[in-house]
Amino acid sequence: MAYISVTKPLQWKPRLFIYRASSPPSFNFIQSFSYESISAGDQTSTPIPEAPASASPSKPGSSTAAEAEGKANARTPRCKDRNAQKLEDVICRMMANWAWTTRLQNSIRSLVPQFDHSLVWNVLHGSRNSDHALQFFRWVERAGLIRHDRDTHLKIIEILGRASKLNHARCILLDMPKLGVEWDEDLFVVVIDSYGKAGIVQESVKIFQKMKVLGVERTIKSYDALFKVILRRGRYMMAKRYFNAMLNEGIMPTRHTYNIMIWGFFLSLKLETANRFFEEMNERGISPDVVTYNTMINGYCRVKKMEGAEKFFVEMKGRNIEPTVISYTTMIKGFLSVGHVDDGLRLFEEMKSFRIKPNAVTYSTLLPGLCDGGKMVEAQNVVKEMVEKYIAPKYNSIFLRLITCQCQVGRSDAAADVVKAMIRLSIPTEAGHYGVLIENFCKSGEYDRAVKLLDKLIEKEIILRPQSSLEMESSAYNQIIEYLCNSGQTSKAETLFRQLMKKGVQDPIAFNNLIRGHSKEGAPESAFEILKIMGRRQVPREADCYRLLIESFLKKGEPADAKTALDSMIENGHIPDSSLFRTVMESLFEDGRIQTASRVMHNMVEKGVKENMDLVAKILKALLLRGHVEEALERIDLLMNNGCEPDFDGLLSVLHAKGKTIAALKLLDFGLERDYGISFSSYEKVLGALLAAGKTLNAYSILCKIMQKGGITDWNSCKDLIRSLNEEGNTKQADTLSRMIKGEEKAHGSK
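Residues numbered from 1 in each chain as written. Predicted model: local features only at pLDDT ≥ 70, side-chain atom pairs only at ≥ 80, totals over all residues. Heavy atoms only, no water.

Chemist: Any details on the packing of aromatic side chains? Residues and values, ideally.
Modeler: All told, the structure shown has 24 aromatic pairs when counted by the stated rule. With a centroid separation of 6.2 Å and an interplanar angle of 50°, the aromatic rings of Phe 136 and Trp 139 are classed as tilted. Here Trp 139 and Phe 136 lie together in helix α5 (residues 130–142), a separation of three residues that amounts to about one turn. The same class applies to Phe 136 and to Trp 139, which are both buried. Aromatic side chains Phe 243 and Tyr 258 sit 5.9 Å apart centroid to centroid with 65° between the ring planes, which places their arrangement in the edge-to-face category. With Phe 243 in helix α11 (residues 236–248) and Tyr 258 in helix α12 (residues 255–267), this residue pair connects regions lying 15 residues apart in the sequence. Tyr 258 matches Phe 243 in its accessibility class, with the two residues each being buried. Here a set of aromatic residues connected by ring pairs shows up, and it is made of Phe 208, Tyr 223, Phe 227, Tyr 242, Phe 243, Tyr 258, Phe 265 and Phe 277. (Phe/Tyr/Trp six-rings, centres within 6.5 Å; stacked < 30°, edge-to-face > 60°. Helix = DSSP H or I, 4+ residues; strand = E, 2+ residues; numbered from the N terminus. Buried < 20%, exposed > 50% of the residue type's maximum accessible area, 1.4 Å probe, protein only.)

Chemist: Explain the environment of Arg 162 to me, and be specific about the residues and the numbers.
Modeler: Among the structural elements, Arg 162 can be located in helix α6 (residues 150–162). When its relative accessible area of 61% is taken as the criterion, Arg 162 is described as exposed. Sequence separation of Arg 162 and Val 190 is 28 residues, and the distance between their C-alpha atoms is 9.7 Å.

Chemist: Outline the state of the cysteines, listing residues and values.
Modeler: In total, this model carries zero disulfides according to the counting rule given. The closest cysteine sulfur to the non-disulfide-bonded Cys 407 is located on Cys 405, 9.3 Å from its own sulfur. A relative accessible area of 10% means that Cys 407 is categorised as buried. (Disulfide = S-S within 2.5 Å.)

Chemist: Would you mind going over the packing of helix α8 (residues 185–197) against helix α9 (residues 201–214) in detail, with residue names and values included?
Modeler: Contact geometry of α8 with α9 gives a least axis separation of 8 Å together with a crossing angle of 160°. By the angle between their axes, α8 is roughly antiparallel relative to α9. For the crossing formed where α8 meets α9, the hand is right-handed. Each of Glu 185, Phe 188, Val 191, Ile 192, Tyr 195 and Gly 196 in α8 lies in contact with α9, whose residues at this interface are Glu 203, Ser 204, Ile 207, Phe 208, Met 211 and Leu 214. (Axes fitted to C-alpha atoms, helices over the stretch in contact; angles between N-to-C directions. Parallel < 35°, antiparallel > 145°, perpendicular 65-115°, else oblique. Left-handed = near helix turned anticlockwise from the far one by under 90°. Contact = heavy atoms within 4.5 Å.)

Pasting the structure below:
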């Protein structure tokens, strides 16, 4: 960054210059400085009256013009190197780049053969921060290089005051007599003003009072400084007391004094007191100037009394005091504050007709009022005028207001022109500006224009700019994301939303729209990735999104992934309907994933869905036929506990037909233990199959259980079973079975 070098009027003493060709190696870091002009301060709507300009004070040791010319000729070499740097700039750069150590002090000494007050003043002025300035100020005197004069003391006090190092400034001021330097009023005025800007009014008052104790003459200058300090903090009663004390001391107020007093009373909304001082000013023969009238106009505008403000505006013209841009801007602001937009526009046109150029404050004042008044055509014309003159408003928030208001009245093209104006004025556009336009285009059905704006937004990564303060509203990005997802452009929508996620956006509507879009476009993997992000961030997911995702997986022939999505749906608290359960189970069943289909069936029954029993029977048969008997029995038990009884006879018949004797045995045994209703024919088929397969003990066990529960006794093959048991050496079981049969027969006979 180029550093400003504004030097104090030189005393034309011979000075050493540093040349690039002869610079010592240790100072190779020194670069040439570029010089900039100091720009004027910003105008404000409530200006603080400034003191009238005075002639620059002469510096001690000033020479005559002839002497100065002679010394200048002696100082400047005839063939001066164009790259020479001022010595004070070199010292300031050294202090900025090096720590304040003995090495730096010795380096400065080696550069400067002799210190003078002009050099010290310029070094203090060019120091990049107050710490450097204070260290240099104290070092040159402690090292005996120079004795500070009044000017260097004033300079360091000003620097410390601006940096709010007020205790240092105060100590330096009070120690001046010890160093043989006399006080003057200007030194105390700087300290009073510095304490006031820091908001420490009590210290300003103490310094002012101390002037009298120390014998420093107080003139209107110090009183003006005190009035500004105490009135800025709203202490108008104290200001009146000191004003009266000033009069008692015989010090007469000036126009500047009255300007300050009137400004302060208006700041405290003391309208009558301000008017009384204005009248007193006229009575004393002090004619008001443009600052006085601007202050009166601004005060009346603050309290929304435009009749009074307009009276002073007309009176000012009647006294041949030409209104300034501040006068017109203040009046425009006042009219707009009370809703008189037409009057504000009239004054705006009037000031241009008088060749008074509106400035940034004027435009910043006018545009919000035009928006409030619905004067959007006029607002558009003002924006065009700003672009033509290349004048940017004071606050960039005005542009968002303009875009929003133009959209609200249906002027989309004018709203788009505002963004173009921002670009031409080199004002950075932000996501919030584009968001308002995109939302408006979507509402009006101009989706192509919305997508074009979105492309710019994504391409330039405007959303991700760290300096951005206007974020895109959810109402804007949700509409465009929904449109993109419904029109086959979900990837673009996801790119937008991923940029938004980097800014901390976690909008559930946008997330769910992305899942819908990817699912409809046949990209369930992308949709499932979004689903996992939502899970990690605990964003609520909609049941409809799950349904579309599952259907997308099924259309793509990936039933296992569909089942994973179904499980996630259930874990998230959503209950799928019977048709969704059926679709997943059928797909898994057809894909040969019987056990996976069984687990889906388990979830379905647990959630109380009792439809799809025909498909349940198919799954149970497949489990039993594939040897997953235990799993099938668990599913049957679950069904029975939930009031859904399967067809045992049908299952046993299938197992008998397929020769799955052991599976049929386990199923029959399971049914007997729980007293499920099984027909005699099913018993007979299973027992016959067991006997035919030579599994006599299994047949014996089942038959005993049947008889113990009061089941059949006239089974035709009982004798064959008893004979088989005897042949196999199981005589004990054969005898037991014979007695059980005979006992049952006797029991039936006695009945």
